[in-house]
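Analysis of the macromolecular model
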Amino acid sequence: MTRRVRRRTCREKAKGVDEVVGEGRALRGSSHVGSAGAEGWEDAAAAEVDWTALPDDALLQLFARLNYRDRASMAAACRAWRALGSSPCLWSALDLRAHRCDPEVASSLASRCGSLRRLRLRGHEAAEAVPGLRARGLREVVADGCRGLTDATLAVLAARHEDLESLQIGPDPLERISSDALRHVALCCSHLRRLRLSGLREADADAVGALARYCPFLEDVAFLDCGAVDEAALAGIHTLRFLSVAGCRNLKWATASAFWAQLPSLIAIDVSRTDVSPSAVSRLISHSKTLKLICTLNCISVEEELSHNPAAFSNSKGKLVLTITSHIFKSIVSLFPGVDVKEHGVFNQCNWRHKDKIVGDIMSWLEWILSQSLLRIAESNPHGMHDFWLQQGTALLLSLLKSSQEDVQERAATALATFVVIDDESATVDPARSETVMQNGGIRMLLDLARCSRESAQSEAAKAIANLSVNANVAKAVADEGGITILTNLAKSMNRLVAEEAAGGLWNLSVGDDHKASIAASGGIKALVDLIFRWPAGTDGVLERAAGALANLAADDKCSLEVAKAGGVHALVTLARLCKLEGVLEQAARALANLAVHGDNNDNNAAVGQEAGALESLVQLTSSQNEGVRQEAAGALWNLSFDDRNREAIAAAGGVEALVSLVQECLNASEGLQERAAGALWGLSVSEANSIAIGQGGGVAPLLMLARSEVEDVHETAAGALWNLAFYSGNALRIVEEGGVPVLVNICSSSGSKMARFMSALALAYMFDGRMDEVALVGTSSDSSSKSVSVEGARRIALKHIETFVLSFSDPHMFSMAAASSTPAALCQVAEAVFIHEAGHLRCSGAEIGRFVAMLRNPSPILRACAAFALLQFTIPGGRHAVHHAGLLQKAGAGRVLRAAAAATTASIEAKIFARIVLRNLEHHQSGTST
């Protein structure tokens, strides 16, 4: 049987000493000039910080870097810290996106939110809980994931917070929000300056008119991906400076351009991802007196016009038109007349913060607009964008990654995670795009963002690193930059989203052998195991990624021991037993399969089998509705069946019946499932009781069907199972009666796998060495005479192809030299030429070895040659189980029989040479044992 593997630094300061630890090295340096001496270093390292003695300003800075949950925990330490933790300056802004926010949580926070001005949240449930914060002075609300938000919730939020100046909800479409809610916002929030909403069904004339009448300060409006927007009504908002209708597909552009050109304060407009016409763009350029910027990214009509007429908008009267085909960085530089700005530094605030307020406002708006549009384009992945991403899209996203606007940073990271993926189902990334990110310094930028104190930024940066790391070259760069340590630390986060994305990064980095040891050295294995215990069964994302990473790591012998040491066996079995999520179950089963795959020096195989409920759960998973789960469960049972105790325990748990049923049902399934199902039966059939049960339970026919497969891995494992089954006469006769002889003959003569040909020859030899004859006379049908004739005909065909198989390893010249020579070198040369390396993984029982020894006395010279050939394979020095087989041969007294076979005058030259080689092998093992 064969086994298959499925598949930077932290700084710590103490009295002027910085300790930098990374990649297995520790570098120390002092912030003081001169040397401190050995005693000085020891004193500094041993010094303890008196946290209670820190000044209030320092403690407030520390509090400010914590999320609200950790801040509350820290404030509970003492009375003084409780007072500091409630300081209004700490509660002017609150980000609840990464945490559950319901009425109970809102009520618990309410006493601290009197000074709350900025609030970020996720989900319509959180939006419903906002009034419970009692933050009447709230100025800004930014919400995402609010697809389920209703008119009533939005109306209440607006009514309770009349001082709102900025309201942003998206990017999920607000499918349940109507113009009625928009009117409520206008009526209640007269101080509104910025309104950005995504996916509205409609913004009718009455609602937009209400905004114009009741919101006299409104200067920034974005209706993104909305179903319908009244173009004429927008022209009534005379204070409007910035307008975005990106993604809106039902606009009347002649009307829109005519009305919007009359807006007296309009500075910039975004019509990206729309069907805007070139004539409408030209009309805005010609008629608007205040407009400075028009953003038209991914507008098909505009791009087609430019392809035919590159100078279409050249007479722009000082107005900047941004398109996919334009040089965006160079175009933006024109916003800074008289200022020396390098193209790729245009988003650096130092270049424009103090130059011109209007330019500053435009740049802040443009960053937000570009991050929105680039993310949407990355998500839809339209045709023809590849060159744009390589030439300037990547550089744009990396520039936005350094924005001072937190949501722009995070959206840029999300876009980097998205645009490299070209097939989400197969986790395929575009190599050119991912390596462009790396070549432009994106890996270091993302890792720096992942180390910031904002958990929302950590999760998006980790997601981008994870996706980029699918590319092996990028994965190496991530590891070289200390990314493994960063991801390991993030995997320990109490924020589920952060931990989930970090686990995904470790999952991708653990593919292959390059980074497994580094992940283990960084503590990644323990962090991944802890994740499984930390989060409840419903969090499928984090559990699937953690189990997937552990599955990859378990494929390495040393790492698999670390997984077991960290409690991974118990964690993975717990998932297999209790989790109901198919993706999690598939990865947990794959991890258990890989834990069980290693050699005799690794006792994980037995450990998995001894874990309560492990085998029963895997047997049950073979009947899952999900093919991937069935496949990995069968693979795990295959590997686990190498242990004698596991093999019998699997059978006791109903494994024989379950796997026979699986192999019957998988005939039209994937090749991977077919291989593992046949392999699991191969492993179980080592046992006599299991082998007989498989035959009696209907396992022969479907295995023969799989043996007909043209896929080598499938028919090889099926041949292995049939070889084990054929050892018992009743099964051998069933194979004959089910038409198995032609199937095995075909494998024996034509398979590209030497192992498949070898095992099919051995199966045929078992079937026709004479033991089946007595059973065949009785048969399994009423017509015993016809069966007898059928068996005799099958015997002749089988023996003919066994002989052909053995002779295929014969070189007449080499064999003649070996026969004439008595030197070990000649035999060694033959042995090396005929050895099938995969056969070194096969382990035979004493009964099987005894049968081959008996076959050496068989009247048929063909079977004698086949037996000698098989024993040669099983005893070759260096073979995995060669010593075991040599010991069984010695116990069986095979030396005398082998010498007789080597000297037999009726034997073929091949049989004689093979027998001599087996004798030499036995002498080698015997001398090795004695020494």
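Going by the structure above, here's the rest.
Residues numbered from 1 in each chain as written. Predicted model: local features only at pLDDT ≥ 70, side-chain atom pairs only at ≥ 80, totals over all residues. Heavy atoms only, no water.

1. What to know about unusual backbone geometry
Filter applied, for reference: Strands are runs of DSSP state E lasting at least two residues, helices are runs of H or I lasting at least four, and both sets are numbered from the N terminus onward. Here the term buried applies to any residue with accessible area under 20% of the maximum for its type, exposed to any over 50%, and partly exposed to those in between, with areas from a 1.4 Å probe on protein chains only.
Cis peptide bonds are those with omega within 30 degrees of zero, and the linkage from Gly170 to Pro171 qualifies with 5°. Mapping Pro171 onto the fold places it in the loop between β7 (166–169) and α8 (179–188). In this structure, Asn381 is a non-glycine residue whose phi angle is positive, near 50°. Residue Asn381 is classed as partly exposed on the basis of its relative accessible area of 32%.

2. Quick word on the side chain of Arg864
The test is simple: Any two residues whose heavy atoms approach within 4.5 Å at even a single point are treated as in contact.
Here Arg864 is to be found in helix α47 (residues 861–875). Other than its neighbours up to four places away in sequence, Arg864 contacts Met855, Leu856, Arg857, Asn858, Pro859, Thr906 and Ala907.

3. Observations concerning α8
By the burial criterion, the buried members of α8 are Ser179, Ala181, Leu182, Arg183, Val185 and Ala186. Residues of α8 that are buried in the fold lie against α7 (151–160), β7, β8 (194–198), α9 (205–214) and β9 (220–224).

4. Let's talk about the pairing of strand β5 (residues 118–122)
Regular strands have side chains that alternate between both faces of the sheet. Just so we agree on the cut-off: Each pair of strands is called paired provided DSSP finds at least two bridges between the two strands. Here is how to tell: hold the view so the strands point away, follow the path from the first strand over the helix to the second, and if it runs clockwise the crossover is right-handed.
Pairing between strand β4 (residues 93–95) and β5: three bridges, direction parallel. Each bridged residue has a counterpart across the sheet, and for Ala93 the counterpart in β5 is Arg118. This β-α-β element, β4 to helix α5 (residues 103–109) to β5, shows right-handed connectivity. Note that the unit made of β5, helix α6 (residues 124–129) and strand β6 (residues 140–144) has a crossover that is right-handed.

5. A closer look at the environment of Ala911
Its place among the elements puts Ala911 in helix α50 (residues 909–930). Exposure remark for Ala911: the relative accessible area of 5% places this residue in the buried category. Sequence separation between Ala911 and Val229 is 682 residues; the distance between their C-alpha atoms is 89 Å. Other than its neighbours up to four places away in sequence, Ala911 contacts Ala865 and Ala868.

6. Digging into the pattern of salt bridges
The condition that has to hold: Any Lys or Arg side-chain nitrogen located within 4 Å of an Asp or Glu carboxyl oxygen qualifies as a salt bridge.
Tallying each qualifying case throughout the model produces 37 salt bridges. Between Arg241 and Glu219 there is a salt bridge, with the nearest N and O atoms lying 3.5 Å from each other. Taken as a pair, Arg241 in the loop between α10 (231–234) and β10 (242–244) and Glu219 in the loop between α9 and β9 lie far apart in primary sequence, 22 residues in all. The exposure class assigned to Glu219 is partly exposed, which follows from its relative accessible area of 23%. Shared partners join several salt bridges into a network, and the residues in it are Asp95, Arg97, Arg120, Glu406, Glu410 and Arg454.

7. Remarks on the environment of Arg134
With respect to the helices, strands and loops of the structure, Arg134 is situated in the loop between α6 and β6. The class of Arg134 is exposed, set by a relative accessible area of 52%. Taking the C-alpha atoms as reference points, Arg134 and Gly505, 371 residues apart in sequence, are found 39 Å from one another. Among residues more than four places away in sequence, those in contact with Arg134 are Ala110 and Cys113.

Coordinates in, geometry out; function isn't part of it.
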